[in-house]
Amino acid sequence: MALTHQDRIDITDLINLHGHLTDAGELDQASELFTPDVTYDVSDFGLGELHGPAAIREAALALGDANPVGHHVTNIVITPIDDDSARVRSKGIGIMATHTAGSAVYDDIVTRRPDGWKISSRKVSARRAALGRTSPRDVLERFRQAAITQSVEDMRRLYAVDAVHEFPFTRPGLPSRLEGRDDIVAWIAEAWQANSLTFSGYRTLAIHDTTDPDTIIIEQEALGTSTVTGEFTLPNLIVLTVHNGQISHLRDYVNILAAAAAIGREL
C-alpha cells in the first residue's frame, strides 16, 4: 500500500490544477479534475453537497463575481489508502476582488483512473477562528444540522448551560424568551413533536460580521416539507452569539405568519 514518487507528483499537480482552471474560468474542463460521480461538499458555505462536475460548474457560475479571483493551494499532505486511492489534505487561500482574503481546508479523496488521478470526494471547510477555535459560523452549521436531523442530544450540546434564546417577533401564547439550556432544548423538542415540519436544508442569503467577533447576523431561508401543506421555504433572520464553542445568546426573528402557513394552522 505505497504510492510511487510519480504518483505523489501527479496527485500534487491535480490539487494545484483546480485553482488554475477555476480562476481562468475554464469550468468545462472540470472532468480533468473530478470523477463523474464526485461529491463536492461546500455545506460550510451554505451551498450543500454538489454531485458531479456539471453541478460544480453550475454552482461556480451562479456565484459569479462572488467567486475568489485567486485560488492558492498550500500545505499538501498525501496519505495512501491503498494502491489506487489516497487522502489529500491541503490549505486553500482565496483572494477576492474586494482585496480581502479567506482561508479554507480541502479534505479530498483521490482515485486512480485509466486517465490518471481524479478527485472523487472533496469537503471544503472555512477557517474562521485562530488556533482551532470554534467560530460562530461553525456553530451555525452544527445548529442547522441538528435541526435537520432533529437530534435533541446534538442540540443540547450546542447550547451553553445559561444560554438565552429570544423570539422578538412572537404572539400571545408563544414564548418571547427562553432561559437556560434545559428549557430551550425542551421547547425545541416539544415543537418538533407537535409540528408537521421536516427541515431538509438551509439557504444562506447573507452572513454579516459584527464588531463582536463572537456574534454574527444570518439572513437565511429554511427549506423542508410539511405533511400538511407540502414543500415550504421559511424566511428567517437570526443574531447568533457564541462563547467557547456554544450558543450563549440567539435572537430568532422567525416569520410567524410563514411558519403558520407551512404548518397549516395558526400558532
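Just above sits the structure.
In this text, all values refer to a predicted model and were calculated from it rather than measured experimentally.

Definitions and cut-offs
- Residues numbered from 1 in each chain as written.
- Predicted model: local features only at pLDDT ≥ 70, side-chain atom pairs only at ≥ 80, totals over all residues.
- Heavy atoms only, no water.
- Pairing = 2+ DSSP bridges.
- Helix = DSSP H or I, 4+ residues; strand = E, 2+ residues; numbered from the N terminus.
- Axes fitted to C-alpha atoms, helices over the stretch in contact; angles between N-to-C directions.
- Contact = heavy atoms within 4.5 Å.
- Core = buried A, V, L, I, M, F, W, Y, C linked by side-chain atoms within 4.5 Å.
- Buried < 20%, exposed > 50% of the residue type's maximum accessible area, 1.4 Å probe, protein only.
- Salt bridge = Lys/Arg side-chain N within 4 Å of Asp/Glu carboxyl O.
- 1 Å grid on protein atoms, 1.4 Å probe; cavity = no way out; pocket = protein on both sides within 12 Å on 5 of 7 lines; lining within 4 Å.
- Points joined across faces, edges and corners; volume = space filled by probe spheres on them.
- Nonpolar A, V, L, I, M, F, W, Y, C, P; charged D, E, K, R; others polar.
- Phe/Tyr/Trp six-rings, centres within 6.5 Å; stacked < 30°, edge-to-face > 60°.

### A few points about the sheet that holds strand 12 (residues 246-254)
Strand order in this open sheet of six strands is 8-7-12-11-10-9, and the pairing throughout is mixed. At either end of the open sheet lies a strand with only one pairing partner, and these are strand 8 (177-179) and strand 9 (197-209). Strand-to-strand, the axes of this sheet are offset by a mean angle of 25°, without reference to chain direction. Pairing analysis gives four bridges linking strand 7 (residues 159-166) to strand 12, with the strands arranged parallel. Residue pairing in the sheet places Tyr-159 in a bridge with Ile-247 of strand 12. On top of the sheet, helix 5 (residues 181-194) reaches strand 7, strand 8 and strand 12; it is set at about 60° to strand 7, its chief contact. Helix-sheet contacts for helix 6 (residues 256-263) involve strand 9, strand 10 (215-226), strand 11 (230-243) and strand 12, and the interaxial angle to strand 11 is about 135°.

### Examining the nonpolar core
Among the nonpolar cores identified, the biggest contains 32 residues, and Met-155, Tyr-159, Leu-234, Leu-240 and Ile-247 are the most heavily contacted of them. With sequence-adjacent residues up to four places away left out, Leu-240 is seen in contact with Pro-136, Leu-140, Asp-214, Thr-215, Ile-216, Ile-218, Ile-247, His-249 and Leu-250. By size, the runner-up hydrophobic cluster in this structure holds 23 residues, among which are Leu-14, Leu-33, Val-42 and Ala-86.

### Focus on the pattern of salt bridges
The final tally for this structure, using the stated rule, is 16 salt bridges. Note that Asp-7 is salt-bridged to Arg-112, the shortest N-O span being 3.0 Å. With Asp-7 in helix 1 (residues 5-23) and Arg-112 in strand 5 (residues 101-113), this residue pair connects regions lying 105 residues apart in the sequence. Given a relative accessible area of 32%, Arg-112 falls into the partly exposed group. Here Lys-123 makes a salt bridge to Asp-41, at a shortest N to O gap of 3.5 Å. Residue Lys-123 is found in strand 6 (residues 116-127), and its partner Asp-41 is found in strand 1 (residues 34-41); the two are separated by 82 residues along the sequence. One continuous salt-bridge network, built from bridges that share partners, spans Glu-166, Arg-177, Glu-179 and Arg-251.

### Here's the deal with the layout of surface pockets
In this structure, the largest pocket encloses a volume near 980 Å³. Lining the largest pocket are 36 residues, and of these Phe-45, Leu-63, Ala-66, Pro-68 and His-71 lie nearest its centre. Mapped by element, the contributors of at least two residues to the lining of the largest pocket are helix 1, strand 1, helix 2 (53-63), strand 4 (85-95), strand 5 and strand 6. Class assignment of the residues belonging to the lining of the largest pocket gives a composition of 23 nonpolar, 11 polar and two charged.

### As for the pairing of strand 6
Alignment of strand 1 against strand 6, held across four bridges, turns out to be parallel. Directly across from Thr-39, in strand 6, lies its bridge partner Ser-121. The antiparallel hairpin formed by strand 5 and strand 6 contains two residues in its connecting segment.

### Quick look at the packing of aromatic side chains
Counted according to the given criterion, the structure contains six aromatic pairs. Geometrically, the ring pair formed by Phe-34 and Tyr-40 is edge-to-face, given 5.7 Å between the ring centres and 85° between the ring planes. With relative accessibility at 4%, the residue Phe-34 sits in the buried group. For Tyr-40, a relative accessible area of 9% corresponds to the buried category. On the numbers, 5.1 Å between centres and 50° between planes, the contact of Phe-167 with Trp-187 is tilted.

### Describing the pairing of strand 9
Alignment of strand 9 against strand 10, held across 11 bridges, turns out to be antiparallel. The partner of Tyr-202 across the bridge, within strand 10, is Ala-222. Hairpin connection, strand 9 to strand 10: the antiparallel pair is bridged by five residues.

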